[in-house]
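Examination of the molecular architecture
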Amino acid sequence: SIYAIGIATVDEINKMNILNASLLSMKRAIYKLKLKPTVAYIDGIFIPKNLNIKCKTFIKGDEKIRCISAASIVAKTARDIFMIKLSKKYPKYFWNKNFGYGTKDHLLNMKKYGVTNLHRRNFKPVHNILIHKTRETQ
């Protein structure tokens, strides 16, 4: 395949943090490629561990390097499609409109309807909602 999508679960993000989960996702995407690259161009300064191919990092690579820009668009499009599918299962959270960002409406609905297993509990706004709910029930 010309491109591949790598993902990390909410549990993985909570356990290893968003940066390390992003690096894991990147590694998974590279390993899923049928045609293995000889070099990986990476946006930022961090490289996934044990990748076994040459890597070149670029600060603001999505602005400077066309293939990184394209990869960024593919990743965001895949995420948006996933969020639209989630919004059908969880319509109260409007993921089809906020695409995973903590908009005012999304945060208000988390307070109103609760936090799902898809919300990152370590993310400060979600954590604050959970703490507030716990205090209300005590």
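For clarity, every value in this text was computed on a predicted model and none was experimentally measured. (Residues numbered from 1 in each chain as written. Predicted model: local features only at pLDDT ≥ 70, side-chain atom pairs only at ≥ 80, totals over all residues. Heavy atoms only, no water.)

Focus: helix H6 (residues 104–113)
Looking only at H6, the buried set comprises His106, Asn109 and Met110. Around the axis of H6, the buried residues are gathered within 105 degrees of arc, so they sit on the same side. Relative to its buried face, H6 has exposed residues pointing more than 90 degrees away, namely Lys104 and Lys112. Directly beyond the C-terminal end of H6, a positive phi value near 100 degrees is found at glycine 114. (Buried < 20%, exposed > 50% of the residue type's maximum accessible area, 1.4 Å probe, protein only. Helix = DSSP H or I, 4+ residues; strand = E, 2+ residues; numbered from the N terminus. Arc of directions from axis to C-beta.)

Brief notes about the packing of aromatic side chains
Per the counting criterion, the structure on display carries 3 aromatic pairs. With 5.4 Å between their ring centres and 25 degrees between their planes, tyrosine 93 and tryptophan 95 make a pair best called stacked. On the basis of relative accessible area, tyrosine 93 is assigned to the buried category, the value being 6%. Put simply, the rings of Tyr90, Tyr93 and Trp95 pair up and form one aromatic cluster. (Phe/Tyr/Trp six-rings, centres within 6.5 Å; stacked < 30°, edge-to-face > 60°.)

Comments concerning the side chain of asparagine 98
If you trace the backbone, asparagine 98 turns up in helix H5 (residues 95–98). Reaching out from asparagine 98, the side chain makes a polar contact with the backbone oxygen of tyrosine 93 at a distance of 2.9 Å. Excluding its chain neighbours within four sequence positions, the residues that come into contact with asparagine 98 are Tyr93, Thr103 and His106. (Polar contact = N/O pair within 3.5 Å; in protein donor to acceptor, adjacent residues only side chain to side chain. Contact = heavy atoms within 4.5 Å.)

Regarding a nonpolar patch on the surface
On the surface, Ile18, Leu19, Ile45, Phe46 and Ile59 cluster together to form a nonpolar patch covering roughly 480 Å² of accessible area. In this fold, isoleucine 45 is placed in the loop between strand S1 (39–43) and strand S2 (54–58). (Patch = residues over 30% accessible without salt bridge, like charges linked within 9 Å, V, L, I, M, F, W, Y side chains within 5 Å. Areas by Shrake-Rupley, 256 points an atom, 1.4 Å probe, with all protein chains shown as cover. Salt bridge = Lys/Arg side-chain N within 4 Å of Asp/Glu carboxyl O.)

Side note on the environment of arginine 28
Relative to the assigned elements, arginine 28 resides in helix H2 (residues 18–32). Residue arginine 28 is classed as partly exposed on the basis of its relative accessible area, which comes to 31%. Considering only alpha carbons, one finds arginine 28 and glycine 6, 22 residues apart in sequence, at a separation of 4.9 Å. Setting aside anything within four residues of it in sequence, one finds arginine 28 in contact with Gly6, Ile7, Ala8 and Glu12. A polar contact is formed between the side chain of arginine 28 and the backbone oxygen of isoleucine 7, at a distance of 2.7 Å.

Comments concerning the nonpolar core
Counting residues in each nonpolar core, the largest one holds 7 residues, listed as Met83, Leu86, Tyr93, Trp95, Met110, Val115 and Ile129. Apart from the residues lying within four places of it in its own chain, the contact partners of tyrosine 93 are Asn98, His106, Asn109, Met110, Tyr113, Gly114, Thr116 and His119. Listed in part, the 5 residues of the second largest apolar core include Ile30, Ala40, Ile42 and Cys55. (Core = buried A, V, L, I, M, F, W, Y, C linked by side-chain atoms within 4.5 Å.)

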